[in-house]
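Structural features, examined
One-letter residues, chain by chain:
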Amino acid sequence: MADDEGLLSSAPSEPVLRIYGWSPPGLSLGHFQSEDDARREIARFPGAVAVRRPTGGGAIYHDDEATYALVVPLSDPLLSGANVRESALRLDEPVVVALRELGVAARHRGGESERVPRRREPFFCFDRRSCLDIVVAAGDGRKIAGSAQRRTRTHLLQHGSVLLAGHPAIAGSVGVNDLAPAGARPVRFEELARVLARSFSSVLAVDFESAAAI
Amino acid sequence: MRPKNLRYSDTHEWVSVEGDVATVGITDYAVEHLSDLVFLELPRPGTPAVKGKSFGEVESVKAVSELFSPVTGDIVEVNSALADDLDRLAKDPFAAGWLIKVKLRDKGEAAALKTADEYEKILAAEESG
């Protein structure tokens with residue numbers, strides 16, 4: 001995630017996309033989250049390394065998932081006429097499309113975001129509810145992907161996490177493989193990453209040049 | 001129409017000057033653009049403010065955004081009550097929602113910022129672009 005912050009600081013002239021996994025697993029804190037809360041919660045995730053994101057939102061446990069980082073100049077036509085909320089929806093529409101390609105009927109939650117006093121907000125991103133969450137279309141509205149931004153004067157960084165498996169300690173989370181029929185071949189990180197990369201290119205109509213093989 | 005007695009920056013801050021102290025806030029356009037404010041981090045009094053540099057951060061439901069100082073000087077007062085009442089910023093950004101007060105190094109600096117009419121033109125260009 002330090003690389004993502006470096007990418008944002010480098011102020012690229014065109015959108016840049018990174019997709020990556022975690023080894024060992026990580027617990028990323030939102031920019032303003034308390035380290036005291038993190039110290040208490042990380043005990044539930046043995047072996048995980050705690051890091052702080054430059055982007056907002058709640059904590060995310062990164063293990064059986066794919067993380068994306070998308071840096072876009074604020075002047076890019078992709079963001080034309082969009083406020084922060086609209087830009088977030090626009091930029092993670094590719095995740096909805098990718099999940100559907102993998103057989104998951106996903107959608108943005110919609111409606112109004114919950115306005116919860118900060119001190120009562122759930123620690124984990126996937127336990128929070130926002131109109132911008134990506135949830136399973138049918139069922140109890142559990143979250144399968146989340147995102148958050150950081151904005152500078154000239155660029156934005158959007159982070160997202162797309163789950164292959166939920167975690168029992170994070171009741172609001174569900175992953176692609178949790179929803180698969182019994183006996184189905186599990187989706188692995190490499191396949192999710194490829195589908196995401198293809199979807200970002202086609203939905204955003206950006207020809208991302210591949211700098212590394214997935 | 002935004003208050004005509006204020007000056008504006010192209011990063012959507014406003015400034016009001018009394019003597020050698022400037023009061024700084026963000027405009028209604030900035031508040032609307034961010035939407036759903038959830039957290040505000042402001043500096044301590046005594047911190048320097050530098051024109052064009054970040055003096056704090058605001059978090060909306062989806063984004064952390066920097067706040068940029070339109071003037072240079074020393075921050076002498078901070079609206080710390082806002083952190084617990086962000087509705088005040090959302091509802092009254094030009095008065096009760098002020099963010100910091102800066103003792104100016106150059107009393108004439110704010111006069112170089114945009115007038116209300118000039119700021120409206122900037123917004124019109126952003127919205128049509």
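Residues numbered from 1 in each chain as written. Chains lettered and ligands numbered in written order. Predicted model: local features only at pLDDT ≥ 70, side-chain atom pairs only at ≥ 80, totals over all residues.

Here's the deal with the interface of chain A and chain B
Each side of the interface is counted separately: chain A has 19 residues, and chain B has 19 residues. No other element matches strand 8 (residues 143-151) of chain A, which puts 4 residues into the side of chain A that touches chain B. Of the residues contributing to the side of chain A that touches chain B, the split by class is 5 nonpolar, 9 polar and 5 charged. Both strand 8 of chain A and strand 7 (residues 63-68) of chain B contribute to a ladder of 3 bridges, which runs parallel. (Contact = placed C-beta atoms within 7 Å. Helix = DSSP H or I, 4+ residues; strand = E, 2+ residues; numbered from the N terminus. Nonpolar A, V, L, I, M, F, W, Y, C, P; charged D, E, K, R; others polar. Pairing = 2+ DSSP bridges.)

A closer look at the sheet that holds strand 8 (residues 73-78) of chain B
The 6 strands lie next to each other as 1-2-3-9-8-5 (chain B), forming an open sheet whose pairing is antiparallel. Looking along the sheet, the strands with just one partner apiece sit at the ends: strand 1 (7-8) and strand 5 (48-49) of chain B.

Structural notes on the confidence of the model for chain B
Averaged over every residue, the pLDDT of chain B is 91; the share at 70 or more is 98%. Two summary scores accompany this predicted model of the complex, namely pTM at 0.86 and ipTM at 0.76. (pLDDT = per-residue confidence, 0-100.)

Regarding the sheet that holds strand 3 (residues 49-52) of chain A
Residues and elements named next belong to chain A. Reading across from one edge, 3-2-4 is the order of the 3 strands in this open sheet, with mixed pairing throughout. The strands lining the two open edges of the sheet, one partner per strand, are strand 3 and strand 4 (60-62). In this sheet, neighbouring strand axes are inclined to one another by 25° on average, regardless of whether the strands run parallel or antiparallel. Strand direction decides the pairing type here: strand 2 (residues 26-29) and strand 4, joined by 3 bridges, are antiparallel. Directly across from S28, in strand 4, lies its bridge partner I60. (Axes fitted to C-alpha atoms, helices over the stretch in contact; angles between N-to-C directions.)

Some details on the nonpolar core
Residues V95(A), L99(A), I144(A), L196(A), V15(B) and I100(B) are the most contacted members of the largest nonpolar core, which totals 71 residues. Among the elements that take part in this core, helix 3 (residues 84-101) of chain A stands out by supplying 7 residues, more than any other. Residues in contact with L196(A), not counting those within four places in the same chain, are I19(A), A66(A), Y68(A), P94(A), V95(A), A98(A) and V162(A). With 10 residues, the next largest nonpolar core counts L27(A), A59(A), C125(A) and I170(A) among its residues. (Core = buried A, V, L, I, M, F, W, Y, C linked by C-beta atoms within 7 Å. Buried ≥ 20, exposed ≤ 12 C-beta atoms within 10 Å, placed from the backbone.)

Regarding unusual backbone geometry
Cis geometry is adopted by the peptide bond preceding P24(A), which originates at S23(A) and carries an omega value of 0°. With respect to the helices and strands, P24(A) occurs in the loop between strand 1 (16-20) and strand 2. You will see that A11(A), though not glycine, has its phi angle at about 50°, which is positive. By secondary structure assignment, the location of A11(A) is in the loop between helix 1 (2-9) and strand 1. When the 12 C-beta atoms within 10 Å are taken as the criterion, A11(A) is described as exposed. Positive phi values are uncommon outside glycine, yet H12(B) reaches one of about 75°. Looking at the secondary structure, you find H12(B) in the loop between strand 1 and strand 2 (13-18).

Quick look at the pairing of strand 3 (residues 21-26) of chain B
The two faces of the sheet receive side chains in turn, since in a regular strand these alternate between them. Residue and element names in this part refer to chain B. Inspection of the sheet shows strand 2 paired to strand 3 by 6 bridges, in the antiparallel sense. Paired with V17 across the bridge in strand 3 is A22. What sits between the antiparallel neighbours strand 2 and strand 3 is a turn of 2 residues, in which G19 has the positive phi angle 65°. The pairing of strand 3 with strand 9 (residues 100-104) spans 4 bridges and is antiparallel. Each bridged residue has a counterpart across the sheet, and for V21 the counterpart in strand 9 is K103.

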